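Coordinate analysis (summary)
Okay, here's what each chain looks like letter by letter:
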Amino acid sequence: MHSYNLTHLKELESESIFIIREVAAQFEKPVLLFSGGKDSIVMSHLARKAFHPARIPFPLMHVDTEHNFPETISYRDWWVKEIDVQLIVRSVQDSINKGRAKEEKGINASRNVLQTTTLLDALEEFKFDAAMGGARRDEEKARAKERFFSHRDEFGQWDPKNQRPELWNLFNGKKHHGEHFRIFPLSNWTEMDVWQYIALEKIKIPSIYFSHDRKCFVRDGVVYAWSDFMMMKPEEKAEMMRVRFRTVGDMTCTGAVVSPASTLEEIIAEVSASRVTERGSRQDDKRSETAMEDRKKKGYF
């Protein structure tokens, strides 16, 4: 790790830890949203450093689609024990069973959008007034519009035209009853920063980020992992492929990349040469030109 990279990463680390501490200071009931993906892992690692040697003073919450990669769930359960933090899990399937969400139908059906209802219900259930997420501004154009402290109204909705100024590292967390904030401590990080920080801090991550053999099929140029809940067209055939994942979400909308990268150093080299964003293989972002922004306005992460 070159010294200039280390200095840059330490500045980002310091900024994120400051944001996380601000959340703990300004809000009564914060929560850290945890998916088992690399960004939420880094965010929870930063939270541990922010309050060491004390425990993290807020819980982690996973909105589980039950269509997740098994490796991600195994890692989640190991990680919360490793960092000694409370985990709350709320299920999209429960939202469907209660009639709060409706299962999508068809060949491209996914539960990813349905997470919004489960998330908003959980925030209301526990009366959380701040939810920290691992989104970064370099991921997607809608996420680039977010501030560190992003206000949500009493319906959990986001108005991108009503953003508060954030000058001189001063953050305004004032809100009316029933409103809450989404907080994004990793806003100024890039995908490369995240990978380099994971290498620098020697953070253990789920095995699916590394190259492995997996039964996959190709649809519209995207490689998907085969699973029992993935509907396939008659002409689609599953076969073993050497792949890894750059981003981790619901299996039904998360594409893999054909890759031999089996170490962090190889992943960093691969990312530095890539001209496709990590979310370029996410089917949920391709449903429309403004898919992410539309979901965020309704309360998505």
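Look above for the structure.
In short, a report on the structure. Note that the coordinates shown come from a computational prediction; the quantities given were computed from them, not determined experimentally.

**Points about the pairing of strand 2 (residues 60-64)**
- Counting buried positions over the 5 residues of strand 2 gives 5, a clear majority of the element.
- Covered by surrounding structure in strand 2 are Leu60, His62 and Asp64 together with Met61 and Val63, the residues of both alternating faces.
- Pairing of strand 1 (residues 30-33) with strand 2 involves 2 bridges; the strand directions are parallel. Bridging across to strand 2, Leu33 finds its partner in Met61.
- Regarding topology, helix 2 (residues 38-51) serves as the crossover connection from strand 1 to the parallel strand 2, and that connection is right-handed.
- Here strand 2 runs beside strand 3 (residues 87-91); their pairing, made up of 5 bridges, is parallel. Bridging across to strand 3, Leu60 finds its partner in Leu87.
- Regarding topology, helix 3 (residues 70-82) serves as the crossover connection from strand 2 to the parallel strand 3, and that connection is right-handed.

**A few points about the side chain of Ser40**
- Structurally, the position occupied by Ser40 is in helix 2.
- At 3.2 Å, the side chain of Ser40 forms a polar contact with the backbone nitrogen of Ser35.
- Those residues within four positions of Ser40 in sequence are excluded, and the remaining contacts are Leu32, Leu33, Phe34 and Ser35.

**Some remarks on the sheet that holds strand 6 (residues 180-183)**
- As summarised here, the arrangement of the 6 strands in space is 3-2-1-4-6-5, forming an open sheet in which the pairing is mixed. Each edge of the sheet is formed by a strand with only one pairing partner; in this case those strands are strand 3 and strand 5 (149-152). In this sheet, adjacent strand axes meet at a mean angle of 30° when their direction is disregarded.
- The sheet contact formed by strand 1 and strand 4 (residues 130-132) spans 3 bridges and is parallel. Bridge pairing in strand 4 places Pro30 opposite Ala130.
- Helix 2 rests against strand 1, strand 2 and strand 4 of the sheet, and its axis sits at about 140° to strand 1.

**Observations regarding the packing of aromatic side chains**
- Within the structure shown, the criterion is met by 12 aromatic pairs.
- Look at Phe27 and Phe149: their rings are 5.8 Å apart centre to centre, the planes differ by 45°, and that puts the pair in the tilted class. With Phe27 in the loop between helix 1 (3-26) and strand 1 and Phe149 in strand 5, this pair connects stretches of sequence that are 122 residues apart. Both residues of the pair, Phe27 and Phe149, belong to the buried class.
- Plain terms: the ring middles of Tyr75 and Trp78 are 5.5 Å apart, the flat faces sit at 55° to each other, and that makes the pair tilted. You can see Tyr75 and its partner Trp78 sitting in helix 3, 3 residues apart, about one turn around the helix.

**Focus: the sheet that holds strand 8 (residues 222-225)**
- Around the barrel, 4 strands lie side by side as 7-8-10-9; this closed barrel has antiparallel pairing. Mean inter-strand twist for the sheet, computed between neighbouring axes without regard to direction, equals 70°.
- Sheet analysis places strand 7 (residues 212-219) next to strand 9 (residues 239-244), joined by 5 bridges and oriented antiparallel. Across the sheet, the residue bridging to His212 is Val243, located in strand 9.

Conventions adopted
Residues numbered from 1 in each chain as written. Predicted model: local features only at pLDDT ≥ 70, side-chain atom pairs only at ≥ 80, totals over all residues. Heavy atoms only, no water. Buried < 20%, exposed > 50% of the residue type's maximum accessible area, 1.4 Å probe, protein only. Helix = DSSP H or I, 4+ residues; strand = E, 2+ residues; numbered from the N terminus. Pairing = 2+ DSSP bridges. Right-handed = clockwise from strand over helix to strand, strands pointing away. Polar contact = N/O pair within 3.5 Å; in protein donor to acceptor, adjacent residues only side chain to side chain. Contact = heavy atoms within 4.5 Å. Axes fitted to C-alpha atoms, helices over the stretch in contact; angles between N-to-C directions. Phe/Tyr/Trp six-rings, centres within 6.5 Å; stacked < 30°, edge-to-face > 60°.

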